[in-house]
Amino acid sequence: MNNHVTVLEIEGNALLHNLNYFKQKLQPETKILAVVKAFGYGSDGVQVAKFLEDKVTYFGVAYTHEGVALREAGVKTPILVLHPHIQNLQSIIDFRLEPSLYNFNIFNAFLQLAAQTPLFSYPIHIKFNTGLNRLGFWHTDVPKILTNLKQANHVKVQGLFSHLAASEDLEEMDFTANQIKRFEDIVQQFNTHLGYRPMLHILNTSGVVNYPNAQFDMVRIGIGLYGFGNDEKETTKLKNTHNLKSIISQIHSINPGETVGYNRAFIAKETTKTATIPVGHADGLSRKLGNKKGFVYVNNQKAPIIGNVCMDMIMVDVTRINCQEGDEVILFNTQEMIQHIADISETIVYETLTVISPRVKKILKE
Ligand SMILES: *Cc1c(COP(=O)(O)O)cnc(C)c1O
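Residues numbered from 1 in each chain as written. Predicted model: local features only at pLDDT ≥ 70, side-chain atom pairs only at ≥ 80, totals over all residues. Heavy atoms only, no water.

Caption draft 1: Inspection of the pairing of strand E1 (residues 7–11) at higher detail. For E1, the buried fraction is high: 4 of the 5 residues fall into the buried class. Two elements, E1 and strand E19 (residues 361–365), share 5 bridges in a ladder whose sense is parallel. Each bridged residue has a counterpart across the sheet, and for valine 7 the counterpart in E19 is lysine 361. Here E1 runs beside strand E10 (residues 242–247); their pairing, made up of 4 bridges, is antiparallel. Bridge pairing in E10 links isoleucine 10 to histidine 242. (Buried < 20%, exposed > 50% of the residue type's maximum accessible area, 1.4 Å probe, protein only. Helix = DSSP H or I, 4+ residues; strand = E, 2+ residues; numbered from the N terminus. Pairing = 2+ DSSP bridges.)

Structure follows, in structure tokens:
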């Protein structure tokens, strides 16, 4: 059992608020796929999925084992595995996961396995590259895909989808419009030859905000669910879901001239009261936050991180803060704090959230 004292609280109410915020931007019939990959963006994908299970149509994960973990926890909702591999296709079937097939290697391997098993009308999703140039078939592959599908009633094309490269960037509107156009052309070819209509989807969170006309049948919401829109204004309408908390393990009084932490990076100019907190870079707190670049809150007051961030601990300056060993410490509990940490760490909030390590205990508060 994980009884680590540094805890990430996942705010259930905030997840619901954010989900409803996006729902209200959608056509009533548009379905939602909640993205819970990477442990639910650094929280706990299983707890988040169980909490949202009857409120979304699909869950999305990156890798097969992430989907298996959801099934093993009893999640019954359809799960799209965005990036499976040939080695894992048997697990996909065993756990009733729905694969995204993105090239002929994995597409043909799945058709073969489906025929051998045999499966009947097993839901598959076909992913198209329309400009991100990461994962997906090219539009020129469509005739061959359709030919291979004709020979197989073992699968059914549940979905056709693509992913935008710059949905948050309004300077790239022409590029994005072109991606959407390419996707529509691909869909058109399927509609002419398939004989039934797969579900279509292309939008992620910022796509929903900027391209509401491209909702198709479903949208895939990740970062928005966890409290971040594509700009500050949007973010203020969302609620923070990730609260990272710890406690003070020990308080020291340091004389002028003494130093704190590895490499003696902090030198006390005056008598300094320091608090040691059990969270470090192994928990996902960037080393860039050391040496007063980052801060925490102790009893509602800002305490700068002094010296270098250690693997398992940080030390903060609490000289002017009334506090005791055992008191609560807030590492972050607002989007502003998370954004600030991302800025100082020279990264984006996606990374600041997803690097929170498995060692941190995760508790979803309903
Ligand atoms: C991660 C991911 C998403 C979610 O993107 P957000 O920007 O977090 O909403 C959607 N679609 C695909 C294919 C992804 O990989």
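On we go.
Caption draft 2: Examining the layout of surface pockets more closely. The calculated volume of the largest pocket comes to roughly 1100 Å³. In terms of lining, the largest pocket is formed by 39 residues, of which the most central are Tyr41, Asn204, Ile223, Ile348 and Tyr350. Each of two domains, domain 1 (12–236) and domain 2 (242–365), supplies a minimum of three residues to the lining of the largest pocket. (1 Å grid on protein atoms, 1.4 Å probe; cavity = no way out; pocket = protein on both sides within 12 Å on 5 of 7 lines; lining within 4 Å. Points joined across faces, edges and corners; volume = space filled by probe spheres on them. Domains from an automatic or database assignment.)

Caption draft 3: Fine view of the sheet that holds strand E6 (residues 122–128). The 8 strands are arranged E8-E7-E6-E5-E4-E3-E2-E9 in an open sheet whose pairing can be described as parallel. What marks the edges here is a single partner per strand, and that holds for strand E8 (199–201) and strand E9 (218–221). Across the sheet, the mean angle from the axis of one strand to that of its neighbour is 25°, orientation sign disregarded. Note: strand E7 (residues 155–162) against E8, 3 bridges, orientation parallel. Of the residues in E8, the one forming a bridge with leucine 160 is leucine 200. Contacting E6, E7 and E8, helix H8 (residues 173–194) runs over the sheet at an angle of about 165° to E7. (Axes fitted to C-alpha atoms, helices over the stretch in contact; angles between N-to-C directions. Contact = heavy atoms within 4.5 Å.)

Caption draft 4: Fine view of the domain arrangement of the protein chain. You can read the domains of the protein chain as domain 1 (12–236) and domain 2 (242–365). Placing the centre of domain 1 and that of domain 2 at their C-alpha centroids yields a distance of 37 Å. When the two sides are added together, the surface that domain 1 and domain 2 hide from each other amounts to roughly 1300 Å², 66% of it contributed by carbon and sulfur. The interface formed by domain 1 and domain 2 includes 0 salt bridges. Secondary structure elements with two or more residues in the side of domain 1 that touches domain 2: helix H1 (12–23), helix H2 (37–42) and helix H3 (45–52). Sort the elements by how many residues they give to the side of domain 1 that touches domain 2 and H2 lands first, with 4 residues. Partitioned by chemical class, the residues of the side of domain 1 that touches domain 2 number 8 nonpolar, 8 polar and 1 charged. (Buried area = accessible area lost by both parts, 1.4 Å probe. Salt bridge = Lys/Arg side-chain N within 4 Å of Asp/Glu carboxyl O. Nonpolar A, V, L, I, M, F, W, Y, C, P; charged D, E, K, R; others polar.)

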